[in-house]
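Residue-level structure breakdown
Okay, here's what each chain looks like letter by letter:
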Amino acid sequence: MGGSDAADIVTNLTVTQTDDLPARPIWGELERWRAANGVARLTGLSITKGNRRLEGSGQVSIDARHRPEGQLDLSAANLGGALGQLTAGGGGLLGALFGGRPPEGAAVPGLKPLPPLRIQDGRLLVGPLPIPGVRIPSLY
């Protein structure tokens, strides 16, 4: 989220199809979890860094090719400046989409919903659009 200031991160995560965390190799446990249709449900995410905020929820599982898949539904405020840095200037459309940049000293405005962030078939998509050049590899 840019900048060198500290971030405050709060999460609430529920993982299904698990009983314990045995001392076995992680890859075997991930395969057992995938085969049992395990899901990691993020029921609450809140990240605050300076005047930037990101909140959301979603779920992730593992597909048949051992890649993460799922969707995050996010809302943001004031991420435009950070995105402008990432997009090598301007970032006008992305800045507007992700909450813009408020005038110096302005109060943090309300969160704006973002397009869903999806991981599907080894790709990362924002809404229906794949992010070029981003491929999600198999975990194991």
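Going by the structure above, here's the rest.
Rules used in this analysis
Residues numbered from 1 in each chain as written. Predicted model: local features only at pLDDT ≥ 70, side-chain atom pairs only at ≥ 80, totals over all residues. Heavy atoms only, no water. Pairing = 2+ DSSP bridges. Helix = DSSP H or I, 4+ residues; strand = E, 2+ residues; numbered from the N terminus. Buried < 20%, exposed > 50% of the residue type's maximum accessible area, 1.4 Å probe, protein only. Arc of directions from axis to C-beta. Contact = heavy atoms within 4.5 Å.

Quick look at the pairing of strand β4 (residues 68-77) now. One ladder, built from 10 bridges, connects strand β3 (residues 52-62) with β4; its direction is antiparallel. Bridge assignment links glycine 58 to a residue of β4, and that residue is leucine 72. Across three bridges, β4 lies against strand β6 (residues 117-120) in antiparallel orientation. Bridging across to β6, leucine 72 finds its partner in leucine 117. Bridging between β4 and strand β5 (residues 112-113) involves two bridges; their strand directions are antiparallel. Residue pairing for β5: alanine 76 is matched across the bridge by lysine 112.

What follows is about helix α1 (residues 26-35). Along α1, the residues that are buried comprise Glu29, Leu30 and Trp33. Here the buried residues of α1 occupy an arc of 100° about the axis, which is enough to place them on one side. The inward-facing, buried residues of α1 contact β1 (7-15), β2 (40-49) and β3. Remark: asparagine 37 follows α1 within two positions and exhibits a positive phi of approximately 60°.

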